[in-house]
Amino acid sequence: MSADAVITVEGLAKDYGHLRAVDGIDFRVLRGKVFSFLGPNGAGKTTTVEILEGLRRATSGHLSVLGLDPWKHASELHRKVGVMPQGFRFFDKVTPREAVRYYARLFGVRTDPDALLRRVLLSDKADDTYDKLSGGQKQKLGVALAMVNDPELLFLDEPTTGLDPQARRAVWELLRELKNEGRTIFLTTHYLEEAEQLADWVAILNHGRIVTEGTPTELIEKHGEGPRLVLQASPELVSLLSQQARLGLTIRDGTIQIPIHQKAVLLDALNTVARSGLPWPEINTERDTLENVFISMVGEIDESGEVRGA
Ligand SMILES: Nc1ncnc2c1ncn2[C@@H]1O[C@H](COP(=O)(O)OP(=O)(O)OP(=O)(O)O)[C@@H](O)[C@H]1O
Ligand SMILES: [Mg+2]
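In this report, the structure presented in the accompanying data block is examined. From a predicted model like this one, the values you see are computed outputs, not experimental measurements. Numbers given for residues are sequential positions, taken from 1 along each chain in its written order. All chains are assigned letters beginning with A, and all ligands numbers beginning with 1, in the order in which they are written. Selection of residues for local features in this predicted model requires a pLDDT of at least 70, selection of side-chain atom pairs for listing and counting requires 80 or more, and totals for whole chains, interfaces and linings are taken over all residues.

What about the packing of helix α3 (residues 96-107) against helix α5 (residues 135-147)?
At a minimum axis distance of 9 Å, the contact between α3 and α5 shows a crossing angle of 25°. Looking at the two axes, α3 sits roughly parallel to α5. Here α3 runs over α5; the crossing is right-handed. Contact residues: α3 offers P96, A99, V100 and Y103, while α5 offers L141, A144 and L145. Looking at the contact of α3 with α5 residue by residue, the class counts come to seven nonpolar, no polar and no charged. Here an axis means a line fitted to C-alpha atoms, over the contact stretch when the element is a helix, while the angle between two N-to-C directions is reported on a 0 to 180 degree scale. Secondary structure elements are defined from DSSP: runs of H or I of at least 4 residues count as helices, runs of E of at least 2 residues count as strands, and each element is numbered from the N terminus. Oblique is the label for any angle not under 35 degrees, not over 145, and not in the 65 to 115 range, which are roughly parallel, roughly antiparallel and roughly perpendicular in turn. The hand of a helix crossing depends on one turn: near helix anticlockwise from the far one by less than a right angle means left-handed, and clockwise means right-handed. Here the contact rule is simple: place C-beta atoms from the backbone, and any two residues whose C-beta atoms are within 7 Å are in contact. The classification used treats Ala, Val, Leu, Ile, Met, Phe, Trp, Tyr, Cys and Pro as nonpolar, Asp, Glu, Lys and Arg as charged, and all other residues, Gly among them, as polar.

Following this line, the structure appears as structure tokens:
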């Protein structure tokens, strides 16, 4: 095991009766990194997270979280990690300030509720009861409570689901700060842009198996189609461009796509377009996002049962 790994998982499986929710997965999470777990509904993300938190028992596999077996050493682990469960909720008549104090007493730590609530931009709601908070404010409280014990490792299960774009970016900023402080973050999300922005390492889970993992850039390079020139053109221009085999042109959704791995190819294509004198209503360059990769991978796996390019 590398000295840098705060989480090591080998052959993890979890059965709920006859349902195999997690089907033999291996991964490592390195210290100080943001590790993002992606996958469609029911993929097994929360099950895995809850096993790592020591809340659920694995059916089989070897696990180490901060050097501990999460099931056997759950109480020791709980002192060291911060947890925001999926769909976090709290008691209706408790205020954020009281909630932070309550958690601090539970952990036996000294915490300044004002400072903590300021960090999550919740100071102005410190004394409103939970049932008066908006969806986003409730989630910010969830993040605050995950931080009460100053944890070196945080598990955040969909912390930004349901937040408006501004509130989501505020949480991203907070997660970046937590990372800059050297904390490790295990983040599950359905927002691919969020993973692309924040994650050092992404693992895509589907039907309980990791179908691919890597840095966001690696995954886009490995599974995406590469940068391309996209233009809408008349049939005349299409036929002119088609004559140049080396452009590697394809036609998709009524637009021409030309891969631009080499600058020479891009310049050739543009020259042909310019010299033709034919109209071209729109010309753009495109590259894949993590979302494109995710949708094509998870979609294709479901259709064929095979993993493309993995
Ligand atoms: N306590 C449970 N008892 C039985 N089956 C469960 C239980 N919890 C989860 N499952 C099943 O296990 C599978 C994985 O669920 P899990 O909650 O881990 O998925 P997820 O990836 O977190 O999904 P989501 O994105 O919807 O949160 C699903 O088929 C789910 O129905
Ligand atoms: Mg879940």
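Having put the structure on the table, let's press on.
Concerning the sheet that holds strand β2 (residues 19-30)
One bridge is not enough; two strands pair if DSSP finds at least two bridges between them. The antiparallel open sheet is built from three strands, whose spatial order is β2-β1-β4. In the strand order of this sheet, the two ends are held by β2 and β4 (60-65), each with one partner. For this sheet, the mean angle separating the axes of adjacent strands, direction not counted, is 15°. The sheet contact formed by strand β1 (residues 5-16) and β2 spans nine bridges and is antiparallel. Considered in β2, the bridge of Y16 is made with L19. Sitting on the sheet, helix α1 (residues 45-52) is in contact with β1, β2 and β4, with an inclination near 120° to β1.

Remember, this is a structural readout, not a statement about activity or role.
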